[in-house]
Amino acid sequence: MAEAKNAPEARETQNFIEVAVASDRAAGRFDGRVHTRFPPEPNGFLHIGHAKAICLGFSLAETNEGLTNLRFDDTNPIKEESKYVEAITEDVRWLGYEWGDRLYYASDYFEQLYEWAVKLIEAGKAFVCDLSAEEIRAHRGTLTEPGIESPFRNRSVDENLDLFERMRGGEFEDGSRTLRAKIDMASGNLNLRDPVMYRVLHTSHHRSGDQWCIYPTYDWAHGQSDSIEGITHSTCTLEFENHRPLYDWYLDALGVHHPRQIEFAPLNLSNTILSKRKLLQLVNDGHVSGWDDPRMPTLSGMRRRGFPPTSIRTFCGMIGVGKQASLIELAQLEFCVREDLNRTALRRSAVLRPLKVVIENYPEEQEEKLEAINNPEDDAAGTRKVPFSRELYIERSDFMEDPPKKYFRLGPGREVRLRYGYFIRCVGFEKDERTGDVVELRCTYDPETRGGHAPDGRKVKGTIHWVSARHAIEATVRLYNSLFACPDPGALGDAFLGALNPDSVETIHGARVEPSLAEAEVGLPYQFERQGYYCKDSVESKRGALVFNRTVSLRDSWAKIVKKARASRR
RNA sequence: UGGGGCGUGGCCAAGAGGUAAGGCACCGGAUUUUGGUUCCGGGGAUCGUAGGUUCGAAUCCUACCGCCCCAGCCA
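Thresholds applied
- Residues numbered from 1 in each chain as written.
- Chains lettered and ligands numbered in written order.
- Predicted model: local features only at pLDDT ≥ 70, side-chain atom pairs only at ≥ 80, totals over all residues.
- Heavy atoms only, no water.
- Near = heavy atom within 4 Å.
- Polar contact = N/O pair within 3.5 Å; in protein donor to acceptor, adjacent residues only side chain to side chain.
- Helix = DSSP H or I, 4+ residues; strand = E, 2+ residues; numbered from the N terminus.
- Nonpolar A, V, L, I, M, F, W, Y, C, P; charged D, E, K, R; others polar.
- Phe/Tyr/Trp six-rings, centres within 6.5 Å; stacked < 30°, edge-to-face > 60°.
- Buried < 20%, exposed > 50% of the residue type's maximum accessible area, 1.4 Å probe, protein only.
- Domains from an automatic or database assignment.
- Contact = heavy atoms within 4.5 Å.
- Salt bridge = Lys/Arg side-chain N within 4 Å of Asp/Glu carboxyl O.
- Pairing = 2+ DSSP bridges.
- Axes fitted to C-alpha atoms, helices over the stretch in contact; angles between N-to-C directions.

Undergrad: Which residues make up the protein's contact with RNA strand B, and what are the values?
TA: Close to RNA strand B lie 64 residues; Q324, R347, R409, R419 and G451 are nearest. Within 4 Å of the protein, atoms of RNA strand B come from sugar and phosphate in 64% of cases. Take Y218: an N or O atom from its main chain is 2.8 Å from a phosphate oxygen of RNA strand B. Measuring from a sugar or linking oxygen of RNA strand B, one finds a side-chain N or O atom of E329 at 3.0 Å. Secondary-structure elements contributing two or more residues to the surface near RNA strand B are α5 (133-139), β6 (196-200), α12 (330-344) and α13 (557-569). Of the residues in the surface near RNA strand B, the class split is 21 nonpolar, 22 polar and 21 charged.

Below you can see the structure in the form of structure tokens.
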């Protein structure tokens with residue numbers, strides 16, 4: 001397959017992380033090894049923001065003869081479920097990445113983490129604290145005032161060891177005690193004000209079951225998990241920059257392998273939201289049909305919507321990686337999708353809003369098969385035959401009773417080409433007397449123009465798509481638009497629901513599509529000519545009740561002209 | 001008035017002392033049996049601001065300004 005010109009490999013510049021890794025390699029740091037990881041928490045589905053992190057992590061390893069692990073940071077049994085680990089592994093694989101036999105879980109390290117915690121207690125660097133959550137907060141101080149040390153901070157090593165063991169043993173209630181690192185209650189970095197390492201949680205875990213009733217916090221588990229796996233470069237988003245000094249402190253206190261953490265700006269995409277918490281809310285409150293709703297920015301939603309994984313990778317490669325907070329326009333993603341689909345999608349004819357056309361001089365019982373090209377961008381895709389007959393359907397928008405100057409389609413007395421068919425001329429039309437709607441077109445065809453060429457060299461400005469009425473099959477088509485109506489719904493905070501786009505989906509029943517689409521395959525992209533890219537819905541499409549999702553429309557310069565004309569008329 | 005980051009065209013993003021890449025978007029035009037694709041071409045940034053160093057600064061220094069993150073026993 002031809003590589004997209006914007007594929008990561010095609011870039012001539014390196015981002016700052018690639019530069020940092022390359023210089024580490026050149027300097028022989030970590031013995032020249034590069035080993036990255038993608039560490040999701042199984043508490044929701046992956047979205048395109050995660051794709052950016054995945055592409056970064058895996059490509060960093062790929063270009064440096066290194067490896068990438070997939071590790072679930074499953075330290076909070078309250079929010080995590082195995083259904084999420086299944087969805088996540090499927091999504092990473094779909095994106096096109098492999099982790100070999102290196103699928104890990106932070107929960108696999110619970111015993112090791114416990115032992116290390118004991119080690120810190122023995123070194124006088126951690127203590128069991130009896131303060132409640134509220135009390136800990138009150139002791140923490142504020143952004144501008146130092147905190148106050150816990151009254152339990154100076155317990156003896158023996159007492160701490162005894163208490164910690166009994167925490168593990170299940171003697172204490174949830175929230176009654178924590179194990180805390182003894183660092184600095186006056187630090188300007190709040191993460192260093194004696195952070196909690198363990199909390200009591202009598203909750204069963206999706207993998208370790210009821211083996212534990214104390215669980216490590218993310219901060220205590222994350223850095224050490226990377227260390228255990230021998231990770232060399234830990235990439236993560238900007239909000240963890242403040243945590244790096246803490247991870248450094250833990251790793252140094254333990255004297256274990258110390259990866260280099262590098263933070264980058266998380267992806268923000270216009271007209272959508274990339275916050276797991278908010279996405280969960282959309283799912284739970286029924287604003288969407290599920291995590292895989294085609295309007296969702298989740299990888300499963302985008303897959304169902306018809307986005308090729310390669311286009312997502314291209315996108316991640318072209319937006320760059322930096323530390324600047326940014327909001328990428330949806331148009332940039334759509335560009336990548338169209339560029340990909342234009343090369344790969346099979347062209348088909350589908351009439352979304354049918355208008356009947358009767359070819360008056362075409363014999364009643366006659367029908368024939370016309371040859372149509374499957375993909376003009378790919379000769380190997382070959383051709384197919386489409387049936388033609390006296391009665392057809394064309395798009396309602398391809399006829400105007402009183403067309404403006406630059407309208408190239410059908411109008412009274414006008415002639416157009418039916419794609420891969422004949423030239424037809426409109427000789428009359430019928431209207432519904434009540435509504436005034438045009439309900440049927442009367443046309444004549446020129447038998448000499450079969451296939452769309454006029455032997456006399458006659459030119460026609462417009463080419464429109466069509467389906468044979470008697471052969472076409474009905475389908476439901478969903479036209480998707482952005483989930484949110486404003487560019488940056490995230491800026492609205494918890495009021496983001498107010499910005500939901502009421503027109504994020506328009507469902508069309510009774511569309512007529514060419515017969516070959518009866519055999520449409522889930523997972524294959526189709527271009528409905530002159531309209532856009534579509535895919536058969538993987539969930540709701542049934543034999544005899546086809547459902548297609550619009551992935552993205554084709555660029556439409558006519559729509560621009562119309563829009564501009566309207567604007568200038570005002 | 002704590003700590004940590006970041007400020008280059010509408011949106012992204014290279015450049016790291018030698019006189020502003022590239023992509024998306026936008027606007028023209030050519031080609032076209034998709035008003036698609038492709039192909040040409042175009043407009044638009046003195047690089048947050050003000051000083052300073054230098055023959056020369058987006059790049060170095062100083063001071064301001066603005067934006068983001070942090071007060072979960074979430075990750």
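So, next bit.
Undergrad: How would you summarise the packing of aromatic side chains if you had to cite specific residues and measurements?
TA: Each pair of aromatic rings is reported with the distance of its centres and the angle of its planes. Tallying each qualifying case throughout the model produces 23 aromatic pairs. Taken together, a centroid distance of 6.0 Å and an interplanar angle of 80° make the contact between F110 and W212 edge-to-face. Taken together, the residues F110 in helix α4 (residues 110-122) and W212 in the loop between β6 and β7 (214-216) connect sequence positions 102 residues apart. You'll find F110 and W212 in the same group, each marked buried. Geometrically, the ring pair formed by F110 and Y215 is edge-to-face, given 5.9 Å between the ring centres and 75° between the ring planes.

Undergrad: How would you summarise the domain arrangement of chain A if you had to cite specific residues and measurements?
TA: Accessible area lost during the coming together of the parts is what is often quoted as the interface size. Domain parsing of chain A yields domain 1 (16-264), domain 2 (276-346 + 475-564) and domain 3 (350-465). Inter-centroid distance (C-alpha atoms) of domain 2 to domain 3 is 29 Å. Facing the 22 residues of domain 2 at the interface are 24 residues of domain 3. A salt bridge links E506 to R353; the nearest nitrogen and oxygen atoms lie 2.9 Å apart. One can count eleven residue pairs in polar contact (both at pLDDT 80 or more) joining domain 2 with domain 3. Looking at the side of domain 2 that touches domain 3, the elements that each hand over two or more residues are α12, β21 (473-480) and β22 (505-513). Its residues assigned to classes, the side of domain 2 that touches domain 3 shows eleven nonpolar, five polar and six charged.

Undergrad: Pulling in residues and values, what's your account of the sheet that holds β6?
TA: A sheet is described by the order of its strands in space; here four strands give the open sequence β4-β5-β6-β7, paired in antiparallel fashion. If you trace the sheet from one side to the other, it starts and ends with β4 (126-129) and β7, each paired once. Going across the sheet, the axis of each strand differs from the next one's by a mean of 20°, ignoring polarity. In the sheet, β4 pairs with strand β5 (residues 178-181) via four bridges, with the strands oriented antiparallel. Paired with V128 across the strands is L179, a residue of β5.

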